[in-house]
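These are the residues of each chain, in order.
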Amino acid sequence: MEPVVNLWRAGLDRVPGEVWERDGLRVLILADNALTSLPPDIGRLRRLHTLDLGHNALVSLPEEIGELTGLDRCLYLHDNRLAELPRSLGRLDRVAYLNVGDNPLGALPEEIGRMAGLVELRAQRCGLRELPESLGGLTALRELWLRGNALVSLPASAAGLRELREVELRENALEEVPGALRGLPLLRRLDLRGNRLREVPGWLADLPALEKLDLRWSGVRPAPRLSAELARRGCVVLW
C-alpha cells in the first residue's frame, strides 16, 4: 500500500512538521483546512504523485513547489486566495490534472505552458482576461475549463491543442467563437453559454468530432443551414 497522509478537514492552520520528514510520501491531502501558507520544506516530498491543497486560505505558494517533480497525477490548488502562481510550476511537466479554480489570480504564468503532461486544466472564476500564448505547449490537453472569467479570446497557439475534447468557456466576455478552435479534430463539446456572441461561424460544421454545442444565454442562434448540417452529423445544438 502506497504511503498516504490524509489530513482532510483536520482543522489545521499549519502543517505538522513531521509531514515534511516523510520523503517517501506518495499522496498528501491537506484539503479543507485553514492553511494560509506552506513552508519551503514542501520541496522535500519529491516522490509525491498527488497533492491536494484545495479549500484552504493560501495566499501564496513557495517556489519550492516546483521541486515536486514526481507529481504525475493531480495537483489541486482550487478555492484558495492565491493572487499568483509561482513560475516554478513550469517544472512540473508530468502533472496530468491541475485545478487552480476559484482563486483571484487575474493571470496564469507563461510557465504554465511547460506543463506538457497536462490532460485537464481547470481555471474557473480566476478573473482571467487573457491566457498566455504558451498555452499551445499543452499538446496533451484534453479538457479546458474556463468558466466565469473575463476572456475575450483564446491565444492563437490554442490551434495546436489537437487533443482537446472538451472546452468550457461559459460566462466569459466573448463576442466571437475563438478562431483558434477551428480545425481541432477531436473537439466533442464546446460550451459558450452566457457570452456576448454576435454570430455563429459556419466553420463549426467542419469540426469532425463535435457532439454538443451550447449557445444558451449568448443571444445568438446558428443559421438554419448550419443548424441542419450540425443536426445531420448528430451534433446537439442548444440555444
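Our structure is the block above this text.
My aim in this report is to walk through the structure given alongside it, one point at a time. (Residues numbered from 1 in each chain as written. Predicted model: local features only at pLDDT ≥ 70, side-chain atom pairs only at ≥ 80, totals over all residues. Heavy atoms only, no water.)

## Concerning the nonpolar core
Part 1 of the reasoning: Counting 73 residues, the largest nonpolar core has Leu28 and Leu51 as the members making the most contacts within it.
Part 2 of the reasoning: Dropping the residues within four chain positions of it, Leu28 is found in contact with Val5, Val19, Trp20, Leu45, Leu48, Thr50, Leu51 and Asp52. (Core = buried A, V, L, I, M, F, W, Y, C linked by side-chain atoms within 4.5 Å. Buried < 20%, exposed > 50% of the residue type's maximum accessible area, 1.4 Å probe, protein only. Contact = heavy atoms within 4.5 Å.)

## A short note on the sheet that holds strand E8 (residues 166-168)
Hydrogen bonds between backbone groups are what pair the strands of a sheet, and the pairing can be parallel or antiparallel.
Part 1 of the reasoning: Overall, parallel pairing links the eleven strands, which are arranged E1-E2-E3-E4-E5-E6-E7-E8-E9-E10-E11 in an open sheet. Of all the strands in the sheet, the pair left with one neighbour each is strand E1 (4-6) and strand E11 (236-238). Strand-to-strand twist of the sheet, defined as the mean angle between neighbouring strand axes without regard to direction, takes the value 5°.
Part 2 of the reasoning: Of the pairings in the sheet, the one linking strand E2 (residues 27-29) to strand E3 (residues 50-52) comprises three bridges and is parallel in character. Counted as the bridge partner of Leu28 is Leu51 from E3. (Pairing = 2+ DSSP bridges. Helix = DSSP H or I, 4+ residues; strand = E, 2+ residues; numbered from the N terminus. Axes fitted to C-alpha atoms, helices over the stretch in contact; angles between N-to-C directions.)

## Focus: unusual backbone geometry
Part 1 of the reasoning: Even without a glycine there, the phi angle at His55 is positive, about 55°.
Part 2 of the reasoning: Among the structural elements, His55 can be located in the loop between E3 and strand E4 (74-76).
Part 3 of the reasoning: Using a relative accessible area of 36% as the deciding quantity, one classes His55 as partly exposed.
Part 4 of the reasoning: Phi at Asp102 is positive, roughly 55°, even though this residue is not glycine.
Part 5 of the reasoning: Secondary-structure assignment places Asp102 in the loop between strand E5 (97-99) and strand E6 (120-122).
Part 6 of the reasoning: Relative accessible area serves as the criterion here: at 26%, Asp102 is assigned to the partly exposed category.

Distances and angles like these do not, on their own, reveal function.
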